[in-house]
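# Structural overview for review
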Amino acid sequence: MSKKYYLTARTPKSKHTDAPSSPSQPPPSSNSSSTAAMQTATTTHCSPASPPAPHLLRRRSPIPASAPALRPLKAPSFRPIFVFSSRRRQSLIPAVASVAAVDAPASISGGEDEAKLLLEVRNLRAVIKESRQEILNGVNLTVRQGEVHAIMGKNGSGKSTFAKVLAGHPDYEVTGGTATFKGENLLEKEPEERSLAGLFMSFQSPVAIPGVNNINFLNMAYNSRMRKLGLPELGTLEVVTPNFLLQFFAYVQPKLKIVNMKLDFLDRNVNEGFSGGERKRNEILQLAVLGADLAILDEIDSGLDVDALQDVSKAVNALLTPENSVLMITHYQRLMELIKPTYIHIMEKGKIVKTGDVSLAAVLEEQGYRAISDVEI
């Protein structure tokens, strides 16, 4: 019986040949010494005119034609380069931001179940703590996964107060009704507990936080949420390691692209010296990093020019999944032309008096709130 010998590694196509390379196996970068070394160790180049060396051959059974081809090992091509600032702390912005070789952490949201109930508000009433003036007068609202709800209404109708009460603002006191979030009593939770549970609120006028830069803020907030969910954290900024940089920037960099922000925003203090558009983008960046289940956007379109509004709207649409939802408060139809709502609610005198689809916004644009004046309040 004759002996049969087979090569134990597959010879890849050279990038200098005329034959196109497989799209799933791009040629290695010429400046990546580690990748080239690993591919040299796992591949054997043999000339057709000369047989392979005996030590490269071993006896084995014939390989079936359907057997998958061997794939070269991949090595990360990112090498972080630190940039030190004149201050005592080290700048955490790498000079090279090509982190595509590192996989981002697993998505926060998951599951393939049908749309579940996220938020259920029943007959919610609230007053201002100091004056005892009643603002919310029996609000009813139901939000399910994958839905976008828009709340409209005249100034002073209770829209922003409703959002703040859901977030746990200390200036307001709930006097009646219930609010259930993901099956739990929302009103019994502290504001930070509501955030960790997956509730996010973007304020109408985001405040600056001097002395706290974005990278620290995002890292601490992200890790707090991961601990709540029992998922792996992205390390700590107290001990900066290349592995941390790889993981953190691999996760954050795509979020920066979504909101059209530059990498150096991470090294700036939270909202300090930011324009109105930059502050709103920074709010959406926080939403993207935290991966909230329900985002409450309080007049996210206020103070934005056309370009900034399009950037913010595009980012919100990119973050929508079948598992999360958005509750946005606005005065204008232009926002709902960019972020299509599932339902539109009209609020008047502290309660929702009318609910409809996106066509309701067009009616309000043409006729104003006189169009719903016949609704009993």
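Look above for the structure.
A brief look at the structure comes next. (Residues numbered from 1 in each chain as written. Predicted model: local features only at pLDDT ≥ 70, side-chain atom pairs only at ≥ 80, totals over all residues. Heavy atoms only, no water.)

### Here we look at the environment of Asn282
Convention followed: We count a stretch as a helix when DSSP gives it H or I for four or more residues in a row; a strand needs E for two or more, and each element gets its number in order from the N terminus. In this scheme, a residue with accessible area under 20% of its type's maximum is buried, one over 50% is exposed, and one in between is partly exposed, where area comes from a 1.4 Å probe on protein chains only. The contact criterion used is simple: two residues touch if any of their non-hydrogen atoms lie within 4.5 Å. Pairing of N or O atoms within 3.5 Å defines a polar contact, subject to two protein rules: one partner must be a possible hydrogen donor and the other a possible acceptor, and residues neighboring in sequence count only if both atoms are side-chain atoms.
In this structure, Asn282 sits in helix 6 (residues 276-290). You can call Asn282 buried: its relative accessible area is 0%. Sequence-wise, Asn282 and Pro206 are 76 residues apart; in three dimensions their C-alpha atoms are separated by 9.2 Å. In contact with Asn282, not counting residues within four places along its chain, are Asn214, Met261, Val270, Asn271 and Phe274. Of the polar contacts made by the side chain of Asn282, one reaches the side chain of Asn214; its length is 3.2 Å.

### Thoughts on the nonpolar core
Under the convention used in this document: In this description, a nonpolar core means a group of buried Ala, Val, Leu, Ile, Met, Phe, Trp, Tyr and Cys residues linked to one another through side-chain atoms lying within 4.5 Å.
Ranked by internal contacts, the top residues of the largest apolar core, which has 49 residues, are Leu266, Ile284, Leu297, Met328, Ile344 and Ile346. For Leu297, the contacting residues outside a window of four places in its chain are Ser202, Ile284, Val316, Val326, Leu327, Met328 and Ile329. Leu119, Val139, Val165 and Met347 belong to the second-largest nonpolar core, a separate cluster that totals 29 residues.

### Focus on the sheet that holds strand 8 (residues 172-181)
Rules: Pairing between strands is defined by DSSP: at least two bridges between them are needed.
Taking strand neighbours across the sheet as the criterion, the four strands line up as 6-5-8-9 in an open arrangement whose pairing is antiparallel. The sheet is open, and its two borders are formed by strand 6 (134-144) and strand 9 (184-185), each paired with just one other strand. In this sheet, strand 6 lies alongside strand 5 (residues 117-128) in antiparallel orientation, the contact comprising eight bridges. By the bridge assignment, Arg125 is partnered in strand 6 with Asn137.

### A word on the sheet that holds strand 14 (residues 325-329)
Neighbouring strands of a sheet are bound in pairs by backbone hydrogen bonds; such pairs are parallel or else antiparallel. Using the following cut-off: Throughout, an axis means a line fitted to C-alpha atoms (over the contacting stretch in the case of helices), and angles, computed between N-to-C directions, take values from 0 to 180 degrees.
Read from one edge to the other, the open sheet built from six strands follows the order 10-13-14-7-15-16, with strand pairing classed as mixed. Lying at the two open borders of the sheet, with one neighbouring strand each, are strand 10 (199-202) and strand 16 (351-356). Put simply, the sheet's adjacent strands are angled 20° from each other on average, direction ignored. Two strands pair when backbone bridges link them, and strand 15 (residues 343-348) and strand 16 are joined in this way by five bridges, in the antiparallel orientation. Across the sheet, the residue bridging to Glu348 is Lys351, located in strand 16. Contacts between helix 6 and the sheet are confined to strand 10 and strand 13 (294-298), with strand 10 contributing the most and set at about 170° to the helix.

### What about the environment of Gln145?
Its place among the elements puts Gln145 in the loop between strand 6 and strand 7 (148-153). Each C-alpha atom, one on Gln145 and one on Ala115, is 4.9 Å from the other, the two residues being 30 residues apart in sequence.

### Some details on the environment of Lys340
For Lys340, the position within the fold is in the loop between helix 8 (333-338) and strand 15. When the C-alpha positions of Lys340 and Asn317 are compared, they lie 8.8 Å apart, and in sequence the two are 23 residues distant. Here the side chain of Lys340 touches Glu337 through a polar contact of 3.3 Å, landing on its backbone oxygen.

Everything listed here is a matter of coordinates, which is why it stays silent on function.
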